[in-house]
Amino acid sequence: MIELSKRIKRLPPYLFAELENTINSLKARGVDLISFGVGDPDLPPPRAYLEKLSEEAANPKNHNYSFSRGEEDFRIAVSEWYKFRFGVDLDPENEVVALIGSKEGLANIARAFIDDGDRVLVPDPAYPVYRNGATLLSDGQPVDIPLLKEMGFKPDLNAMSGKKAKMLYLNYPNNPTGAVTDLEFLKELIERAKEENIIVCYDNAYSEIAFDGYTAPSIMQVDEAKEVAVEFHSCSKTLSVTGDRIGFAVGNKQLIKGLVEVKSQIDSGPPVYLQKAAAWALRNYSSQEILGQLKKNVLEYQRRRDRLAEGLAKMGLKCFKPKATFYLWVECGGSSMEYAARLLEAGVVATPGVGFGKHGEGYLRFALTIPLNRIEEALSRVQEAIHQ
Ligand SMILES: *Cc1c(COP(=O)(O)O)cnc(C)c1O
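Residues numbered from 1 in each chain as written. Predicted model: local features only at pLDDT ≥ 70, side-chain atom pairs only at ≥ 80, totals over all residues. Heavy atoms only, no water.

**Considering the domain arrangement of the chain**
According to the domain assignment, the chain consists of domain 1 (6–44 + 289–386) and domain 2 (47–285). Distance from the C-alpha centre of domain 1 to the C-alpha centre of domain 2: 25 Å. Across the boundary between the two partners, domain 1 contributes 36 residues, which contact 42 residues of domain 2. When domain 1 packs against domain 2, close to 3500 Å² is buried across both sides, 61% of that on carbon and sulfur atoms. On the domain 1 side of the contact with domain 2, Arg10, Ile290 and Lys323 bury the most area, a combined 18% of that side's loss. One can count 16 residue pairs in polar contact (both at pLDDT 80 or more) joining domain 1 with domain 2. Of all the secondary-structure elements, those providing two or more residues to the side of domain 1 that touches domain 2 are α1 (6–9), α12 (288–314), β10 (327–331) and β13 (363–367). Broken down by element, the residue count for the side of domain 1 that touches domain 2 peaks at nine residues, all from α12. Looking at side-chain class alone, the side of domain 1 that touches domain 2 contains 19 nonpolar, seven polar and ten charged residues. (Domains from an automatic or database assignment. Contact = heavy atoms within 4.5 Å. Buried area = accessible area lost by both parts, 1.4 Å probe. Polar contact = N/O pair within 3.5 Å; in protein donor to acceptor, adjacent residues only side chain to side chain. Helix = DSSP H or I, 4+ residues; strand = E, 2+ residues; numbered from the N terminus. Nonpolar A, V, L, I, M, F, W, Y, C, P; charged D, E, K, R; others polar.)

If you want it as structure tokens, here you go:
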């Protein structure tokens, strides 16, 4: 008899099993589905990055082990990008670590600081890694902090006090709600975290997917952030390269050191050729070759956002029009699972909000990773599903 560990058994049941079965059987029958389900960009990475990557991958020297903290040159490029993009100074030696995608880092940092039963504040709704991969797989105790519409999907900092938590995860621009934040809020957050001695893990994966002139801040722009915080970043969404597995974390030295300690027992750093290509893209970030393509992508997400939001609103489905990220968080009311099942019957896949936490109930998440002509088609299908 093979037993799973208690740790694995504590993970919540997979809510979407039934929905996924239906999706798979529809696909197998050749039904044409329009999927807004997965947050994986369909828009291309900058051509120049791909060329650089091929060149680096063709060099045999770039196929040896990297270090768990990453190549020095990559860490320097990250610190240069932080200076350029956020005006933040980082020590590439002690305040930067390369990640095999930010998901790994978000999960692994908990292993370095969370003991059995330690409390971890986790937003609800949220990217599931904070609760599951990070907290539960480190034997920690997740404590939900609701993100409510009335509060602009930001946590109530007063309600966070006195929770005796060791760590906090937070993510803006936010997946799944599309909410954004400002430096004022982050300042207050850092102040509270310092008072209560809470480690802040700030996930900034969507900082570069921003609309309407909004510019996402870095938590490292707060003067005292380095005392308690780390920020996680990724090339996944910025460069449209989710499969390339290259990200980074920056911030407090001890936190970075703890993360590196865990990683050095588990992995060996991202492939050298990836680090070299990503370092090149970060150094040439403001060039036409990189930023030109990124801006084109962002404008396309913005057009899709506008069209989908407008179309859904006409059918009475209210949504929070995001200033950043490529998600629409749509109020469907009632059971999001049932609503998603109804849309699926009409050939449209959206993610039930309850999958991101109980406060996600009553919402659906639409990823804007579908071209405009398919969005038009999806809108008429939704219309049909609603009026049946
Ligand atoms: C996509 C995403 C990431 C990035 O994951 P990678 O492992 O870097 O690909 C991180 N946080 C959130 C909230 C995301 O949606």
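**Side note on the environment of isoleucine 100**
On the secondary structure map, isoleucine 100 appears in the loop between β2 (96–99) and α5 (102–113). Residue classification places isoleucine 100 among the partly exposed residues on the basis of a relative accessible area of 25%. C-alpha of isoleucine 100 to C-alpha of glycine 243: the two residues are 143 residues apart in sequence and 10 Å apart in space. Leaving out residues up to four positions away in the same chain, isoleucine 100 has contacts with Arg245, Ile246, Lys263, Asp267, Gly269 and Pro270. (Buried < 20%, exposed > 50% of the residue type's maximum accessible area, 1.4 Å probe, protein only.)

**Some details on the site of the ligand**
Residues in contact with the ligand amount to 14 residues; listed here are only the nearest, Asp203, Tyr206, Ser234, Ser236 and Lys237. Here lysine 103 contributes a backbone N or O atom positioned 2.9 Å from an oxygen atom of the ligand. Looking at the shell around the ligand, the elements with two or more residues in it are α5 and α9 (235–238). Of the residues contributing to the shell around the ligand, the split by class is four nonpolar, six polar and four charged. (Near = heavy atom within 4 Å.)

**Quick word on α5**
For α5, spanning twelve residues, the distance from its first C-alpha to its last is 17 Å, which sits close to the expected 16 Å at 1.5 Å a residue. Most of α5 is tucked away: nine of the twelve residues are buried. For α5, the set of buried residues is Ser102, Glu104, Gly105, Leu106, Ala107, Asn108, Ile109, Ala110 and Phe113. (Expected span 1.5 Å × (residues − 1).)

**Focus on the nonpolar core**
Within the largest apolar cluster, 56 residues are counted, with the highest numbers of intra-cluster contacts made by Tyr49, Phe74, Tyr82, Leu168, Leu189, Ile219 and Phe248. For this core, the domains that each give at least three residues are domain 1 (6–44 + 289–386) and domain 2 (47–285). Dropping the residues within four chain positions of it, phenylalanine 248 is found in contact with Phe74, Val78, Trp81, Tyr82, Val97, Ala98, Leu99, Glu231, Phe232, His233, Cys235 and Leu282. If you look at the next biggest cluster of nonpolar residues, it comprises 40 residues, including Phe36, Met315, Ile375 and Ala378. (Core = buried A, V, L, I, M, F, W, Y, C linked by side-chain atoms within 4.5 Å.)

**Some points on the sheet that holds β2**
Read from one edge to the other, the open sheet built from seven strands follows the order β2-β8-β7-β6-β5-β3-β4, with strand pairing classed as mixed. Edge positions in the sheet fall to β2 and β4 (141–146), since each of these pairs with one other strand and no more. Going across the sheet, the axis of each strand differs from the next one's by a mean of 20°, ignoring polarity. Bridging between strand β6 (residues 199–203) and strand β7 (residues 229–234) involves four bridges; their strand directions are parallel. Each residue of the ladder has a partner; that of valine 200, found in β7, is alanine 229. Seen against the sheet, α5 touches β2, β5 (167–171), β6, β7 and β8 (247–251) and runs at an angle of roughly 155° to β7. (Pairing = 2+ DSSP bridges. Axes fitted to C-alpha atoms, helices over the stretch in contact; angles between N-to-C directions.)

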